[in-house]
Amino acid sequence: MNNFNKEESDCHILDEGFTAKDILDQKINEVSSDDGKGAFYVTDLRDILKKHLRWLKALSYVTPFYDVKCSDSRAIVNTLAAIGTGFHCTSKTEIQLVQSLGVPPERIIYANSSKQVSQIKYAVSNGVQMMTFDSEVELMKVAKAHPKAKLVLWIATDASKAVCCLSVKFGATVKTSKLLLEWAKQLNIDVIGVSFHAGSGCTVLETFVQAVSDASCVFDMGAEVGFSMYLLDIGGGFPGSEDTKLKFEEITSVINPALDKYFPSDCGMRIIAEPGTYYVSSSIWGPMCDDLDWITELLFENMGAYTVAARPTIYYVMSRSVWQLMKHIQNHDFLLEIEEQDISTVPMSCAQESRLDHHPAACASTSINV
Ligand SMILES: Cc1ncc(COP(=O)(O)O)c(C=O)c1O
């Protein structure tokens, strides 16, 4: 596992005794007395660890590959790297970020429906082999730039009832999949599996079940064409907060039986997912996007997913106990034995991403050597 340390996460762990709310109030006071009125976020890294435990309990056979574009904050990516997730990257910059934290290429999938040839080449030269494709054009690009790639065929889902229906733009139909597999075979490109995305904010459980069933059909087609596929990627679309129509466990309660039916555990399938929103949505409180959104002292919960692109100041919150827990996880790999409540009961401290440090940190800092 990767090290979660002060240097890599660019964070300072501060004294015990703060709650996230204390830190929020304190920062709001600071900003209110400041002419700049800069928007800022507070990120609870403890929440990310809790989410990961919840994931392991509910989807124990599915390895999460966090979707970096959802929030590419270095401290968040470093936390996830330290607890052993993989990463779903859509660009060279994201691959660079993840690899700079010591994540090996086998834990990265380069998934972009329209990849730049230069970025495919960058992936090759940095050992990243897994990448998705959903069209002939992408297949041809990969055949030229990375003939040794391990391709994953991205199929469309019926995500019409999702808040963000990705299949309007991306994903091959089941019918087209057969042609793509045949072309890939002719080009001598290895197709190792199938991926789908039920749509961010998916509101219909059946979408997940249908997608798993469609993926199974495409696996059969792959076998007919002569591929030995072994990877299923069930995408994202998992809620990251409790205010959504479908709850995380409702979704997993239909996914698990569908996986058992179509991809039973003894069939040797490697199953991964690409959650973004799930991991970060509830860990971040903040404004909409940047200073321009300042209306009054408004505070929004569940602002973690797809919000920090404008690079506001981010204050990270983590207790010393969770910090120590993280070190144990790295050393002894005993994450499954830790209960979610264990993490909820430890007190908070505050950390700050210093490269974004526009406001003076008001809490007293204690340096921790790891
Ligand atoms: C291909 C792909 N995978 C995963 C995700 C993450 O989705 P979510 O935030 O719903 O988990 C996205 C989001 O746009 C995506 O496009």
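Quantities reported herein were computed from a predicted structural model and do not represent experimental measurements. (Residues numbered from 1 in each chain as written. Predicted model: local features only at pLDDT ≥ 70, side-chain atom pairs only at ≥ 80, totals over all residues. Heavy atoms only, no water.)

Trainee: Please explain the packing of helix α3 (residues 45-58) against helix α10 (residues 248-262) as it appears in this structure.
Mentor: Where α3 contacts α10, the two axes come as close as 10 Å, and the packing angle between them is 30°. In terms of orientation, α3 and α10 fall into the roughly parallel class. Both α3 and α10 take part in a crossing whose hand is right-handed. Of the residues in α10, those in contact with Arg-54, Trp-55 and Ala-58 of α3 are Phe-248, Glu-249, Thr-252 and Asn-256. For the contact of α3 with α10, a count of residues per class yields 3 nonpolar, 2 polar and 2 charged. (Axes fitted to C-alpha atoms, helices over the stretch in contact; angles between N-to-C directions. Helix = DSSP H or I, 4+ residues; strand = E, 2+ residues; numbered from the N terminus. Parallel < 35°, antiparallel > 145°, perpendicular 65-115°, else oblique. Left-handed = near helix turned anticlockwise from the far one by under 90°. Contact = heavy atoms within 4.5 Å. Nonpolar A, V, L, I, M, F, W, Y, C, P; charged D, E, K, R; others polar.)

Trainee: It is not clear to me how helix α5 (residues 92-100) should be interpreted in this structure. Could you clarify?
Mentor: Within an α-helix, residues lying three or four positions from one another point in the same direction, as the helix has 3.6 residues per turn. Those residues of α5 that fall on the buried side of the exposure criterion are Glu-94, Ile-95, Leu-97, Val-98 and Gln-99. Summarising the contacts, the buried residues of α5 are in contact with α4 (74-83), β3 (86-89), β4 (108-110) and α6 (117-125). Taken from the residues just after α5, Gly-102 is the one with a positive phi, measuring 85°. (Buried < 20%, exposed > 50% of the residue type's maximum accessible area, 1.4 Å probe, protein only.)

Trainee: Sorry, what's going on with the site of the ligand here?
Mentor: As a structural note, the neighbourhood of the ligand is formed by 14 residues, with Ser-200, Glu-274, Gly-276, Thr-277 and Tyr-306 the closest of them. A distance of 2.6 Å separates an oxygen atom of the ligand from a polar atom in the side chain of Ser-200. Its free accessible area being 400 Å², the ligand has 94% of it covered by the protein chains. By residue class, the composition of the shell around the ligand is 4 nonpolar, 7 polar and 3 charged. (Near = heavy atom within 4 Å. Polar contact = N/O pair within 3.5 Å; in protein donor to acceptor, adjacent residues only side chain to side chain. Areas by Shrake-Rupley, 256 points an atom, 1.4 Å probe, with all protein chains shown as cover.)

Trainee: I would appreciate a short explanation of the pairing of β3 in the present structure.
Mentor: Successive residues of a regular strand alternate their side chains across the two faces of the sheet. Residues of β3 alternate between two faces, with Gly-86 and His-88 on one and Phe-87 and Cys-89 on the opposite face, all of them buried. As for the winding sense of the linkage, the β-α-β connection from strand β2 (residues 62-67) through α4 to β3 is right-handed. Between β3 and its parallel partner β4, the chain crosses via α5, and the hand of that crossover is right-handed. (Right-handed = clockwise from strand over helix to strand, strands pointing away.)

Trainee: Explain the packing of aromatic side chains to me, please; I cannot follow it from the model alone.
Mentor: The relation between two aromatic rings is expressed through the spacing of the ring centres and the mutual angle of the planes. Counting across every chain of the model gives 12 aromatic pairs. Ring geometry for Phe-248 against Tyr-278: centres 4.4 Å apart, planes inclined by 35°, an arrangement best described as tilted. One end of the pair, Phe-248, is in helix α10; the other, Tyr-278, is in helix α11 (residues 277-280), with 30 residues separating them in the sequence. You can call Tyr-278 buried: its relative accessible area is 1%. Ring centres of Tyr-278 and Tyr-279 lie 5.1 Å apart, and the angle between their planes is 85°; on these two criteria the pair is classed as edge-to-face. The residues Tyr-278 and Tyr-279 share a single accessibility class, namely buried. Ring pairing ties together the aromatic residues Trp-55, Tyr-66, Phe-87, Phe-208, Phe-238, Phe-248, Tyr-278 and Tyr-279, which thus form one cluster. (Phe/Tyr/Trp six-rings, centres within 6.5 Å; stacked < 30°, edge-to-face > 60°.)

Shape is all these values report; function is a separate question.
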